[in-house]
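Residues per chain, in single letters:
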Amino acid sequence: MTHAPEVSFVIPIYNEEAILHAAVVDLRERLAPHGLDYEVILAENGSSDRTADLARELCARYPELRLEQSPTPNYGHALRHGITKALGAFVICEEIDLCDVDFHLQALELLRQGRADFVIGSKLIGGARDARPLFRHGASLLYTAVLRALFDFRGTDTHGLKAFRRALVEPLVAACQVERDVFASELVLRAYRAPIRVVEIPVRILEKRPPSVGLWRRVPGVLKDLWHLTHAIRG
């Protein structure tokens, strides 16, 4: 891509060999009728399957795609790296198993009209539809309750889909001190504390495959990072 697009999609990918090609093709086809000027950054991080090779093949075929790589599995680092490499005036943080074009269009309308600087797609707000297993929905509710208790969090969700003005949010990204799963939470917490307009909109969550890293395997790391986040935010 030889120019700065209006929109940068940042999508962390890890061991997505099974769905990567179909997801990218589907996203491009669903975006095509809307005439967006965009790039897609595939932020690969430490995959042990053919994800990186497939991503390179897709980038060679579609000029609006760009591959950014990190050597070790780390969702937060991949997301941060992708954001810092984005060229668009607006950045949309997506998940390869979601690619919710309805959220993209709603969020961009809010950003373009100046009604928001940071848009969060909440799966826990009124009007949302969360088709994940019940225990995962419950885990999200519990996690939000912990954030409210520790940080006086005013929203309903910190993980998943986000869209924002790059120029306003880049300093918040640079200020974040934790990575892995909790990076997204720190970014949202800092957005709520910054003098910018944060808006939540309901989304429909229907995943295309089980999580690439199981919930229970993530718990120890999340608890450790929440401890570090407490010091980072309160400090």
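Procedures and definitions
- Residues numbered from 1 in each chain as written.
- Predicted model: local features only at pLDDT ≥ 70, side-chain atom pairs only at ≥ 80, totals over all residues.
- Heavy atoms only, no water.
- Buried < 20%, exposed > 50% of the residue type's maximum accessible area, 1.4 Å probe, protein only.
- Helix = DSSP H or I, 4+ residues; strand = E, 2+ residues; numbered from the N terminus.
- Polar contact = N/O pair within 3.5 Å; in protein donor to acceptor, adjacent residues only side chain to side chain.
- Pairing = 2+ DSSP bridges.
- Axes fitted to C-alpha atoms, helices over the stretch in contact; angles between N-to-C directions.
- Contact = heavy atoms within 4.5 Å.
- Parallel < 35°, antiparallel > 145°, perpendicular 65-115°, else oblique.
- Left-handed = near helix turned anticlockwise from the far one by under 90°.

Among all positions in helix 3 (residues 75-85), only Gly76, Ala78, Leu79, Arg80, Gly82 and Ile83 are buried. The N-capping residue of helix 3, defined by a side-chain oxygen 3.3 Å from the backbone nitrogen of glycine 76, is asparagine 74.

Looking now at the sheet that holds strand 4 (residues 90-93). Judged by pairing direction, the sheet is mixed, and its seven strands sit side by side in the order 3-2-1-4-7-5-8 without closing on themselves. Strand pairing shows two members of the sheet lacking a second neighbour, strand 3 (65-70) and strand 8 (198-202), which therefore form its edges. Shown here is a sheet whose adjacent strand axes are inclined to one another by a mean of 20°, direction ignored. The sheet contact formed by strand 5 (residues 118-122) and strand 8 spans five bridges and is parallel. Residue pairing in the sheet places phenylalanine 118 in a bridge with valine 198 of strand 8. Seen against the sheet, helix 1 (residues 20-31) touches strand 1 (7-13), strand 2 (38-45) and strand 3 and runs at an angle of roughly 165° to strand 2. Its contacts with the sheet place helix 2 (residues 51-61) against strand 1, strand 2 and strand 3, and it is angled at close to 155° to strand 3.

Moving on, we come to the pairing of strand 7 (residues 162-165). Alternating positions in strand 7 separate into two faces, Lys162 and Phe164 on one and Ala163 and Arg165 on the other, with burial throughout. With four bridges joining them, strand 4 and strand 7 adopt antiparallel strand pairing. If you follow cysteine 93 over to strand 7, its bridge partner there is lysine 162. Bridge count for strand 5 against strand 7 is three bridges, and the pairing is antiparallel. From the neighbouring strand, phenylalanine 118 faces strand 7, where its bridge partner is phenylalanine 164.

Burial along strand 4 is two-sided: the face carrying Phe90 and Ile92 and the face carrying Val91 and Cys93 are both buried. Two strands pair when backbone bridges link them, and strand 1 and strand 4 are joined in this way by four bridges, in the parallel orientation. The residue bridging valine 7 from the neighbouring strand is phenylalanine 90, located in strand 4.

For the pair helix 1 and helix 2, interaxial distance at closest approach is 10 Å and the crossing angle is 30°. Relative to helix 2, the element helix 1 is oriented roughly parallel. Classified by chirality, the crossing of helix 2 by helix 1 is right-handed. Within the contact between the two elements, helix 1 uses Leu20, His21 and Val24 and helix 2 uses Thr51, Leu54, Ala55, Leu58 and Arg61.

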